[in-house]
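Analysis of the macromolecular model
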Amino acid sequence: MRTRTESLAGSIRLLRLALRRDRVRIPIWVLSTAAMVGLSAGSVRDLYATAEQRSGYARLVRDNAAMIVQAGPGYGLDEPTVGAILMNELSVWILILVAVLGVMMTTRHTRAEEETLRAELVRSAPVGRHAAAVAGMAAVAVAQLLLAGAVAALLVATGYGAAGAAAFGAALFGVGMAFAAISLVAGQVASTSRAANGLALAALGAAFVIRAVGDVQGGWLSWASPIHWGQAVRAYAGERWLALAVPLVVCAALVTIAGSLADRRDFGGGLLAQRPGRAEATARLAGPIGLALRLHRGAAVGWAVGVAALGVFYGIVADEAEQMLVDNPQMADYLAGLGGGSIVDAFLATGTLVIGLLAGGYLVSAVLRMRAEETAGRVDPLLAAPMSRVRWVTSHLVVAMSAAVALLLIGGLAAGVGAALTTGDGALVGRVGLAALAMAPAPLALGAVAFLLCAAAPRWAMAAWALFGLSAAIGLLADALGLPSWVTSVSPYRHIPALPAVPFRALPIVVLLMVAAIAAAAGCIAITRRDIGRV
Amino acid sequence: MRSTESVIELRGLRKAFGTTLALDGLELEVARGEVHGFLGPNGSGKSVTIRILLGLLRRDGGQARLLDGDPWADAVHLHRRLAYVPGDVNLWPNLSGGEVIDLLAALRGGIDRGRRAELIERFELDPRKKASTYSKGNRQKVALVAALASDAELLLLDEPTSGLDPLMEAVFQDCILERKAAGRTVLLSSHILAEVETLCDRLTIIRAGRTVERGTLAELRHMTRTSYTVETERPVDGLATVPGVAGVIVDGQVTRFEAAPEAIGEVLRRVQSAGVRSLVGQPPTLEELFLRHYGVEPAAPLEPSGDAHSH
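Residues numbered from 1 in each chain as written. Chains lettered and ligands numbered in written order. Predicted model: local features only at pLDDT ≥ 70, side-chain atom pairs only at ≥ 80, totals over all residues.

Remarks on the overall build of chain B
Check the secondary structure of chain B and you find 10 helices and 13 strands. For chain B, the spread of C-alpha atoms along the principal axes amounts to about 75 × 40 × 35 Å. Counting every position in chain B, which comprises 311 residues, the buried fraction comes to 44%. (Helix = DSSP H or I, 4+ residues; strand = E, 2+ residues; numbered from the N terminus. Buried ≥ 20, exposed ≤ 12 C-beta atoms within 10 Å, placed from the backbone.)

Here it is in structure tokens:
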């Protein structure tokens, strides 16, 4: 009993420290998510005001594999209410958002903290072995509660029912905490914060795919996915409160597992041991490009595996979408109205958008890596060598941007191969591959702007994530919510023709590439004019 | 003593971070072929100065010349000729020490394999370990080997031996003396005074972003009073009234005082006439010099002797 309390000594203090460190981050997460929900809630309420509009939506969406993959099983669409429609449009994305918050924030307060030298100072004080983990989880719980509460309050304020709002808020909290616990376990296995985040986000990717396959099949497979646990609460579709027990029980179990893993490992180490490296550098490492390749290699390979898996998945499901067409004449009319593309093409265009967004997310994180190198002081010895700043930044940009384009190609080809295998149409491989490649200007523009921020306004470098988040939200939700075009035009992805569903247009591609080139060039100029370091 | 060509020349250097003034008219001159000690309390601006010399920070005012160029504008060109060791070495966690050494060398345009091997052996470094598993001292060794293997004409060392054990400290001192014998120039920022005393020809002491003292160790000592202990048959007459003498303490037949060099003649005359039995003079240690300039006075308080370095 004594050891149990001792291992938690100092938790309260550490919790206060964690909340103090995140006093800006948590409000940003809460407010931006709440804003997104509020905006969507308002649009859905207005777009589907009449029963006729609502049943029209339901006819288009129900039993439509393409929609099920993106949105979920579509609970409550038999007699659709605005609440059910809103949940179908929004819930999966907000669940993913709280999962990302859970993963990133947990790692930030546990494994990432352990990598720093200050963690030893903290541990040398009378602070228990599990105090940091408990404090970190408690801080995440506070953030998730605030977020869930804000979302629920906003739903009620926009005129949605209170029971559904409470159910959705509770679902967000449960799923967010389940992923926090997954991240906590990942932080015991991996010895670096990047690897821990990578493992936990890979679990999130797998959770998305598993629930998509499960929802399309309509079987029990979905229950293997934490995202489904949130949707299974069925907010605004005859709430099933008992489903909430699943994420909370799993969270408790994972926290226990993490605790026993922590007892078995060294402070600062992971369960996976470090191997010795080379005594001498190979010729490949000689120079800035070699170093950048080495630094970006691990993350790029991880993203490539994820994108390839998602691509294959989208490709294989595309065939299901086509079979649905036979049963759903409305959908055929809808697509005909869109300009005559096939439903497979429309579905694959959504797939390439998701792959493009992932490539953009990778590129933003890779560009910010450059800034991390600078603040950690690792760039000083490089710049103390006869290497210009421009050469340093271009080495990172060239490697990161090439990797992003490679991700697009890998994801596109994987989707094409998946679709070709199930539909028997071999030409899809090239078409979808090219469609994904045509996405390139959007992530490149995003990456170049992120770089410009790092170079010209390094304190605001993290705002690149806001830009990415906005682009993703617009890309995935704009059509369903009927957002005005001046809002949607902020996202570079909106300007790319939705291949292969619509014909190719070169102009927006060229304009976006020019934006990227100008931002990159401006960044190269800005970086030579400022102080290097923790500016 | 002073070579005609200076390798580093900083005049009235100023640098502000927001409203905080980091450097406020700093002066530094390092002659070719010398090992120059760069001293000052924590936060006095040593690292900022070195980062300006490296072109990582931009000066807000004053003149700076490094080798034959401007440290900001000609950074890349100048860096071919210098090597740098930071006091807080942060390395890429997934690269081994050997890889880091080779990478930095490759950026500088190659490395003498023999010297690399020799230095790794002398510093007892395991080049196969990943940087994330090195101790602070070992990370420091990686940076030292990379810099010393480069044969650069100027070494900028910012507390390069923090974290080294005494054996490695001795190896480091040998290496620096070898570099000096080979005609290389070294700017050494350090808090290890024995190291500075052994290695450095000249010193610059800074405080709060300003140069408070510079010169050879002998010159600096010359400007400071030496402590004397004399034993005399009779009390020494009027010692305290001699200009340049301070801190007179009489303890029976033993008198302790401090005297500036210009007062020595008069002091000796008076001591002699008091029937001197023994006389011991102790020049100020670097530590005493240091403490004076760092703002903490040594045990016996000194009165201002009228020259510039009082405070």
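Observations regarding helix 19 (residues 428-438) of chain A
For helix 19 of chain A, every residue scored as buried is listed here: Leu-428, Val-429, Val-432, Gly-433, Ala-435, Ala-436 and Ala-438 of chain A. Buried residues belonging to helix 19 of chain A abut helix 16 (343-375), helix 18 (389-423) and helix 23 (506-527) of chain A. (Contact = placed C-beta atoms within 7 Å.)

A look at the pairing of strand 9 (residues 210-216) of chain B
Residue and element names in this part refer to chain B. Bridge count between strand 8 (residues 202-207) and strand 9: 6 bridges; the pairing is antiparallel. Its bridge partner being in strand 9, Arg-207 is matched across the sheet by Arg-210. Hairpin connection between strand 8 and strand 9: a loop of 2 residues separates the two successive antiparallel strands, and Ala-208 in this loop has a positive phi of roughly 50°. (Pairing = 2+ DSSP bridges.)

Here's the deal with the interface of chain B and chain A
The interface of chain B with chain A comprises 32 residues on the first partner and 29 residues on the second. For the side of chain B that touches chain A, the elements supplying multiple residues, two or more each, are helix 2 (75-79) and helix 3 (97-108) of chain B. By residue number, the principal contributor to the side of chain B that touches chain A is helix 3 of chain B, which donates 8 residues. In the side of chain B that touches chain A, the residues fall into 16 nonpolar, 6 polar and 10 charged. (Nonpolar A, V, L, I, M, F, W, Y, C, P; charged D, E, K, R; others polar.)

Describing unusual backbone geometry
A positive phi angle is found at Glu-159 of chain B, which is not glycine, with a value near 45°. Judged by local crowding, Glu-159 of chain B falls into the buried class, with 20 C-beta atoms found within 10 Å.

Concerning the sheet that holds strand 1 (residues 6-17) of chain B
Within a sheet, each strand pairs with its neighbour through backbone hydrogen bonds, oriented either parallel or antiparallel. Residue and element names in this part refer to chain B. Strand order in the open sheet formed by 3 strands is 2-1-4, with antiparallel pairing between adjacent strands. Of all the strands in the sheet, the pair left with one neighbour each is strand 2 (20-31) and strand 4 (61-66). Neighbouring strand axes in the sheet, compared pairwise and without regard to direction, differ in orientation by 15° on average. Of the strand pairs in this sheet, strand 1 and strand 4 are connected by 5 bridges, and their pairing is antiparallel. By the bridge assignment for strand 4, Arg-11 is matched with Gln-63. (Axes fitted to C-alpha atoms, helices over the stretch in contact; angles between N-to-C directions.)

Topic: the confidence of the model for chain B
Residue and element names in this part refer to chain B. With 93% of its residues at a pLDDT of at least 70, chain B reaches an overall mean of 87. This model gives residues 297-311 a pLDDT under 50, and the stretch forms 23 contacts once residues within four places in sequence are excluded. In the predicted complex, the global pTM is 0.82; the interface-specific ipTM is 0.73. (pLDDT = per-residue confidence, 0-100.)

A closer look at the sheet that holds strand 10 (residues 226-232) of chain B
Residues and elements named next belong to chain B. Read across the open sheet, the 4 strands follow the order 11-12-10-13; overall the sheet is antiparallel. The sheet is open, and its two borders are formed by strand 11 (245-251) and strand 13 (276-282), each paired with just one other strand. Taken over all neighbouring pairs, the strand axes of this sheet differ in orientation by 15° on average, direction set aside. Judged from the 6 bridges that link them, strand 10 and strand 13 form a sheet pairing that is antiparallel. Along strand 13, the bridge assignment pairs Glu-231 with Ser-278.

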